[in-house]
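# Architecture and fold: a report
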Amino acid sequence: MTTFRRRVAEWRLPSLRRATLGFPQWSSKTAGLDSAREAAMAFPHLQQPSFLLASLKADSVNKPFAQRCQDLVKVIEDFPAKELHAIFPWLVESIFGSLDGALPGWNLRGLQGRVSPVEYSIAMEFLDPGGPMMKLVYKLQAEDYKFDFPVSYLPGPVKASIQERVLPDSPLYHNKVQLPPSGGLGLHLALNPFEYYMFFFALSLITQKPPPGALHIRTSDCAYFTLVDRHLAWFLPTEGSVPPPPSPSPGGPSPSPAPRTPAVPFASYGLHHTSLLKRHISHQTSVNADPASHEIWRSETLLQVFVEMWLHHYSLEMYQKMQSPHAKLEVLHYRLSVCSCSALHSPAQPSLQALHAHQESFMPSEEHVLAVRLLLKHLHAFANSLRPEQASPPGHSHAASPLEEFKRAAVPRFVQQKLYLFLQHCFGHWPLDASFRAVLEMWLSYLQPWRYAPEKQAPSSDCQARSVSERWAPFVQENLLVYTKLFLGFLSRALRTDLVSPKNALMVFRVAKVFAQPNLAEMIQRGEQLFLEPELVIPHRQHRLFTAPTFTGSFLSSWPPAVTDASFKVKSHVYSLEGQDCKYTPMFGPEVRVLVLRLAQLITQAKQTAKSLSDQYGESTAARPFLSWLGFYPSDTNGSYPGNDLDEMGQDSVRKTDEYLEKALEYLCQVFRLSEAQLAQLTLALGTTQDENGKKQLPDCIVGEDGLILTALGRYQIINGLRRFDIEYQGDSELQPIRSYEIASLVRALFRLSSAINRRFAGQMAALCSRADFLGSFCRYHLLEPGLSDRRLLSPVGRGRAASLARGPRLSLRFLGSCRTLLALLLAFFVASLLCVGPLLCALLLVLGYVLYAVAMTLLTERGRLHQL
């Protein structure tokens, strides 16, 4: 605390530094707070907490941030819990913002250490798990205060369940739901100070809008993510135990939650359990309570709040209902009806209303996903910190401590189900762009708990991939769907993305590399074999019922008996998440193998396309003159562009794309045991070979009566940017859209002038162009443009109208509206002035030079026409 005050004092402006009459530096700044405390002693009948709250609200507007934090530290230290109780809800809201997002609070998501180092350091020390704010929480916790939290701001499934008078499956809400007071609006939860603080802390990630420059904020430098990391490291330690909360007075009791009788009758999802830690502290007084129990209660509450607020936005019942073919058909009809013009008067409105009533449309942000990934990494490190002698199954534990039981139960009891639904929704609804990388890395972090195990293997000299130990086989089997079904989801996304893009190629490479780790594919395959094992093999399994495990009550409430049957454990996992009528698609079955072969074919095509674009980019760069931007090099008037970001990235990205795709193809061949002969045969069968020059190959199509018709392969090629048609502008060149390098007003004025000249002298220009001598050729070169019949038309429909669209001779002055042309003229006059050449003489020289150039081009054009005849 001394360091915190010293940093705040160093930040204060010199004009604010006062130390008169021998008082400490902060005494003049907190005079109002001292007077409030003295008034409370002299006049106990006055409502001094209200006066303290009003004083702090006024200071929040008038005083700088550092001084406000210093005043808050003194208030927390000097005032009793009875007076701090009134300011606690306001203080929490002023820090994390309001639940409706109207008040931003301290804007922790936009506070960066490299931009505002002083404010960042002050906020971090004040909100640290061992800092003044948590000291206030523990101070109020010891007095058993309760604070109301509105149910309307809870995640959708939880809010709907409570409003229907059904108790949610998480023990976090047990014995906390209260009826609204007289005149109140809606249900609310009665939370203790620690729970209330954590609810606001977790929900601020969702309710608060990102700051304007959020795209450029690094999470490692963001105050909110740093606080999340510190709280997870503090309450989910990998070594030792959680530091106990400070006692409000020497020898006093430690803060502990008090059981609360339910005020609303609820029907639970499973068996009803009493308050948390019944097994360990229900028969102990708060004075003699086991410190480990309090330590586990705080850790359990932190984990449950983060999981509920960040992951519980999709209910298991709704997910299983949407997996049925009937529900999928309703969704398809709904989407088709939205696209049709007659959807407003469709007779199927009742079913659409029902679909809307049950559809969960919450979409997480990229920051939300990054926070969940941080939680998963800490959870893996926390769960894997058990020593080998402590890692026995729960049913065979030898007087395990609460912390050891919590490490074993944290992931399967609280995280597994909700994380699977969260990932399923992200895989199915996230946009098909590079931002999916955040979801992908979150998924891969959960798939690899061995990366966060405490034991570290010495780096091998042969640089071979580290083999996945067999000790992780139970984790793979108990999370089989996270490996297999989500891989299918990623596979369907990869088949619809542009693999020529380096960012998309990197995502395919990352997934292929993770699944290609030695022994991982074999463990997944064994898990699938256990699930697909028929029930008739072992008679005692015939009448088993696979039901979803109940997640009610604390994790320390009676743990179900250990299941030694591996096949039953895998089937229970799958059926509990997907329902007992689910249709499981094996990851190593024939259906998925066909999709993997198609992905391999697209990877091969993307490699070829990237190489072709790289060659085109090199040729165009080498052939383009240095002064092409001045207008001396013909520009692309058709406005064509490639379907990827290689031109923006440059040659280095082309090289990275090729490396990513090459390694991804190699890893996929390892996982699914694909041979080179299979890849070569598939490539030839689908027509992926390049043409003679290796580029500019059209998409796969057939010739019909009205022109070219795309095949299914051709549509894939266009969607993925692997091939494209050369689109050219074939309309009136004078009516092209005004380009960015043209002056709009000047182009319009020149068009009106040239149109007037063409109308006035149309007959004379036609007569000159019809002459057979050199003058006629000279006029035709300037006044005639190539007819549509001379251009390459991809559609035969356009050829029939080409003759009717032929235009007569006309004058075009649009080139004078180009900034490049005007800049070239100015540069010519500037150089002429340096050479002591006057403007008139310079203009005559330019005209003479152009006439000579036009004569030469006329002769060459006529000679080429004679050769064609």
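Residues numbered from 1 in each chain as written. Predicted model: local features only at pLDDT ≥ 70, side-chain atom pairs only at ≥ 80, totals over all residues. Heavy atoms only, no water.

## Section: the overall build of the protein chain
Looking only at helices and strands, the protein chain has 34 helices and seven strands in total. Counting only residues that meet the buried cut, the protein chain has 45% of its 869 residues in that class. Summed over all atoms, the accessible surface of the protein chain reaches about 44900 Å², with 60% contributed by carbon and sulfur. (Helix = DSSP H or I, 4+ residues; strand = E, 2+ residues; numbered from the N terminus. Buried < 20%, exposed > 50% of the residue type's maximum accessible area, 1.4 Å probe, protein only. Areas by Shrake-Rupley, 256 points an atom, 1.4 Å probe, with all protein chains shown as cover.)

## A word on the packing of helix α7 (residues 132-141) against helix α9 (residues 193-207)
Two numbers describe how α7 lies on α9: the axes approach to 8 Å, and their chain directions differ by 140°. Relative to α9, the element α7 lies oblique. Within the contact between the two elements, α7 uses Met 133, Met 134, Val 137, Tyr 138, Leu 140 and Gln 141 and α9 uses Pro 193, Phe 194, Tyr 197 and Met 198. Its residues placed into classes, the contact of α7 with α9 shows nine nonpolar, one polar and no charged. (Axes fitted to C-alpha atoms, helices over the stretch in contact; angles between N-to-C directions. Parallel < 35°, antiparallel > 145°, perpendicular 65-115°, else oblique. Contact = heavy atoms within 4.5 Å. Nonpolar A, V, L, I, M, F, W, Y, C, P; charged D, E, K, R; others polar.)

## A few points about empty space enclosed by the protein
Applying the stated rule across the entire model yields six cavities of 30 Å³ or more. Approximately 90 Å³ is the volume found for the largest cavity. In this structure, the largest cavity is lined by Pro 431, Leu 432, Asp 433, Phe 436, Phe 490, Arg 493, Ala 494, Thr 497, Leu 499, Asn 504, Met 507 and Val 508. A breakdown of the residues in the lining of the largest cavity according to their chemical character gives eight nonpolar, two polar and two charged. Taken as a whole, the second largest cavity holds about 70 Å³ of empty space. Ser 170, Pro 171, Glu 308, Phe 414 and Lys 418 are, among the ten residues lining the second largest cavity, the residues nearest its centre. Elements supplying a minimum of two residues to the lining of the second largest cavity: α12 (291-311) and α17 (402-429). Residue composition of the lining of the second largest cavity, grouped by class: four nonpolar, two polar and four charged. (1 Å grid on protein atoms, 1.4 Å probe; cavity = no way out; pocket = protein on both sides within 12 Å on 5 of 7 lines; lining within 4 Å. Points joined across faces, edges and corners; volume = space filled by probe spheres on them.)

## So, a nonpolar patch on the surface
On the surface, Leu 827, Phe 830, Val 831, Leu 834 and Leu 835 cluster together into a nonpolar patch covering about 510 Å² of accessible area. One can find Leu 835 in the loop between α33 (819-834) and α34 (839-868). (Patch = residues over 30% accessible without salt bridge, like charges linked within 9 Å, V, L, I, M, F, W, Y side chains within 5 Å. Salt bridge = Lys/Arg side-chain N within 4 Å of Asp/Glu carboxyl O.)

## Notes on the nonpolar core
Soluble globular proteins tend to bury their nonpolar side chains together. Formed by 176 residues in total, the largest nonpolar core has its most connected members in Trp 310 and Trp 443. At 13 residues, the largest contribution of residues to this core is made by α17. The residues touching Trp 443, leaving out its near neighbours within four places in the chain, are Leu 423, Phe 427, Val 482, Tyr 483, Leu 486, Phe 487, Phe 490, Val 511 and Phe 515. (Core = buried A, V, L, I, M, F, W, Y, C linked by side-chain atoms within 4.5 Å.)

## Focus on the packing of aromatic side chains
One pass over the full model with this rule turns up 36 aromatic pairs. The interplanar angle of 35° and the centroid separation of 6.4 Å between the aromatic rings of Tyr 197 and Phe 201 together place this pair among those described as tilted. On the criterion of helical spacing, the pair formed by Tyr 197 and Phe 201 is a turn pair, its members being four residues apart in helix α9. Phe 201 matches Tyr 197 in its accessibility class, with the two residues each being buried. When the centroid spacing of 6.1 Å and the interplanar angle of 85° are considered together, the rings of Tyr 224 and Phe 225 count as edge-to-face. Owing to a relative accessible area of 1%, Tyr 224 belongs among the buried residues under this scheme. (Phe/Tyr/Trp six-rings, centres within 6.5 Å; stacked < 30°, edge-to-face > 60°.)

## Observations concerning α7
A large share of α7 lies buried, amounting to nine of its ten residues. Turning to α7, its buried residues are Pro 132, Met 133, Met 134, Leu 136, Val 137, Tyr 138, Lys 139, Leu 140 and Gln 141.

## Focus on the sheet that holds strand β1 (residues 147-150)
Sheet architecture is open: three strands sit in the order β1-β4-β3, paired in antiparallel fashion. Each edge of the open sheet is held by one strand with a lone partner, namely β1 and β3 (177-178). When β1 meets strand β4 (residues 188-191), the two strands line up antiparallel, connected through four bridges. Bridge pairing in β4 places Asp 148 opposite Ala 190. Along the sheet, α9 makes contact with β1 and β4, crossing β1 at roughly 30°. (Pairing = 2+ DSSP bridges.)

## What to know about the pattern of salt bridges
Evaluation of the coordinates by the stated rule reveals 21 salt bridges. Measuring nitrogen to oxygen at the nearest pair gives 3.6 Å for the salt bridge that ties Asp 59 to Lys 63. Of the two residues, Asp 59 and Lys 63, neither departs from the other in class, the shared state being buried. Across the pair Lys 418 and Glu 308 runs a salt bridge whose closest N-O atoms are separated by 3.4 Å. Of this pair, Lys 418 sits in helix α17 while Glu 308 sits in helix α12, placing them 110 residues apart in sequence. The residues Lys 418 and Glu 308 share a single accessibility class, namely buried. Taken together, the shared-partner salt bridges connect Arg 373, Arg 437, Glu 441 and Arg 510 into one network.

## So, the packing of helix α16 (residues 366-383) against α17
Where α16 contacts α17, the two axes come as close as 10 Å, and the packing angle between them is 150°. With respect to their mutual orientation, α16 and α17 come out roughly antiparallel. Seen along the crossing, α16 lies across α17 with a hand that is left-handed. Between α16 and α17, the contacting residues are His 368, Val 369, Val 372, Leu 376, Leu 379, Phe 382 and Ala 383 on the first element and Leu 403, Phe 406, Lys 407, Ala 410, Val 411, Val 415, Leu 419 and Phe 422 on the second. Partitioned by chemical class, the residues of the contact of α16 with α17 number 13 nonpolar, one polar and one charged. (Left-handed = near helix turned anticlockwise from the far one by under 90°.)

## Focus: α33
Its 16 residues give α33 an end-to-end C-alpha distance of 22 Å, which sits within 8% of 22 Å, the value for a rise of 1.5 Å per residue. Positive backbone phi, approximately 60°, marks Cys 836, located one or two places after α33. (Expected span 1.5 Å × (residues − 1).)

## Structural notes on unusual backbone geometry
Although it is not a glycine, Asp 144 sits at a positive phi angle of roughly 60°. Mapping Asp 144 onto the fold places it in the loop between α7 and β1. Its relative accessible area of 38% is what places Asp 144 among the partly exposed residues. One non-glycine residue, Arg 165, adopts positive backbone phi at about 60°. Structurally, the position occupied by Arg 165 is in the loop between α8 (156-163) and β2 (166-167). Classification of Arg 165 as partly exposed rests on a relative accessible area of 35%.

## Focus: the confidence of the model for the protein chain
Of the residues in the protein chain, 66% reach a pLDDT of 70 or more, and the chain-wide mean stands at 75. Predicted confidence is poor over residues 4-49, with pLDDT under 50, and the contacts of this stretch with residues over four places away or in other chains come to 61 contacts. With pLDDT under 50 throughout, residues 536-553 is counted as low confidence; its partners more than four residues away or in other chains account for 38 contacts. (pLDDT = per-residue confidence, 0-100.)

## Here we look at the side chain of His 573
Among the secondary structure elements, His 573 is positioned in helix α23 (residues 566-578). Classification of His 573 as buried rests on a relative accessible area of 5%. There is a polar contact of 3.2 Å between the side chain of His 573 and the backbone nitrogen of Leu 481. Once you skip the residues sitting within four places of it in the chain, His 573 turns out to touch Gln 416, Gln 477, Glu 478, Asn 479, Leu 480 and Leu 481. (Polar contact = N/O pair within 3.5 Å; in protein donor to acceptor, adjacent residues only side chain to side chain.)

## Thoughts on the environment of Leu 481
One can find Leu 481 in helix α20 (residues 480-494). With 89 residues separating them along the chain, Leu 481 and Val 570 place their C-alpha atoms 9.5 Å apart.

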